[in-house]
Amino acid sequence: PKVPTTNFLILVFQGDKGTGKSFVSKLILKLVDPSRLDVQTWRGNEKDFAIAAANAHALCYDNVRWFSPNTSDLLCRASTGSTLSSRQLYSDEEQVIQNVHVALILNGIHDFISEPDLADRCLHVHLKRFPEGAQKSEVELAAELERDLPQIFRGLLEYTAKILVELPNGQLTK
């Protein structure tokens, strides 16, 4: 849940061209936050990011090539919760405070996570190409997904419920 005590793990998909990074990112976004917002291109604007984070449960940035150290820091803060402050428009002394706390999905071909603190907050998934002949078009995959989505979603909810029942009994091992 998007509550102040939640620390979000940043999901990172990497792989060669044609491994389905964008498709799987869209799938997860659809399951987690079925809004009009789709995968986006990273623009590097802190204020725009804060606005997007305030209006979504999850954000997905597609085809990432690299992040500056400042952007890495911003993404770290977004995964654990933070604020940005700026001067209110047409004012010299008024302040606007924006909360920045959001789940993130990032994907790209390149190794774009270079800062250790951001790397510690990421779960890296390396996608591989499907074998020749086993590939399907995005249209076919989307049709199958629409057909199977209710069952997939039900399964995820059932699994999540089981986890929540057992969570109090869990022991932190690392």
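Residues numbered from 1 in each chain as written. Predicted model: local features only at pLDDT ≥ 70, side-chain atom pairs only at ≥ 80, totals over all residues. Heavy atoms only, no water.

**Quick word on the environment of Thr-160**
Inclusion rule: The secondary structure listing takes helices from DSSP runs of H or I that are at least 4 residues long and strands from runs of E that are at least 2 residues long, numbered from the N terminus. Remark: exposure states derive from per-residue accessible area (1.4 Å probe, protein chains only) relative to the maximum for the residue type, with buried under 20%, exposed over 50%, and partly exposed in between.
Among the structural elements, Thr-160 can be located in helix H5 (residues 138-166). For Thr-160, a relative accessible area of 40% translates into the label partly exposed. Distance from Thr-160 to Pro-1, taken between C-alpha atoms, is 12 Å for residues 159 residues apart in sequence.

**Topic: the packing of aromatic side chains**
Here is the rule: Pairing of aromatic side chains here covers Phe, Tyr and the six-membered ring of Trp, requires ring centres within 6.5 Å, and sorts the geometry by plane angle: under 30 degrees stacked, over 60 edge-to-face, intermediate tilted.
In this structure the tally under the stated criterion is five aromatic pairs. The interplanar angle of 85° and the centroid separation of 5.0 Å between the aromatic rings of Trp-42 and Tyr-61 together place this pair among those described as edge-to-face. Note that Trp-42 is positioned in the loop between helix H1 (21-32) and helix H2 (46-54) and Tyr-61 in strand E2 (residues 58-61), a separation of 19 residues in sequence. Classification of Trp-42 as buried rests on a relative accessible area of 17%. Since its relative accessible area comes to 4%, Tyr-61 is described here as buried.

**Focus: the sheet that holds strand E5 (residues 103-108)**
Note the threshold: Pairing between two strands is assigned when DSSP locates at least 2 bridges connecting them. Axis geometry follows a simple rule: fit a line to the C-alpha atoms, using only the stretch in contact for helices, then measure angles between N-to-C directions, giving values from 0 to 180 degrees.
With respect to topology, four strands assemble into an open sheet ordered E2-E5-E1-E6, the strand pairing being parallel. The open sheet has two edge strands, E2 and strand E6 (122-127), and neither has a second partner. Put simply, the sheet's adjacent strands are angled 15° from each other on average, direction ignored. Of the strand pairs in this sheet, E2 and E5 are connected by four bridges, and their pairing is parallel. Note on E5: the bridge partner recorded for Leu-59 is Leu-104.

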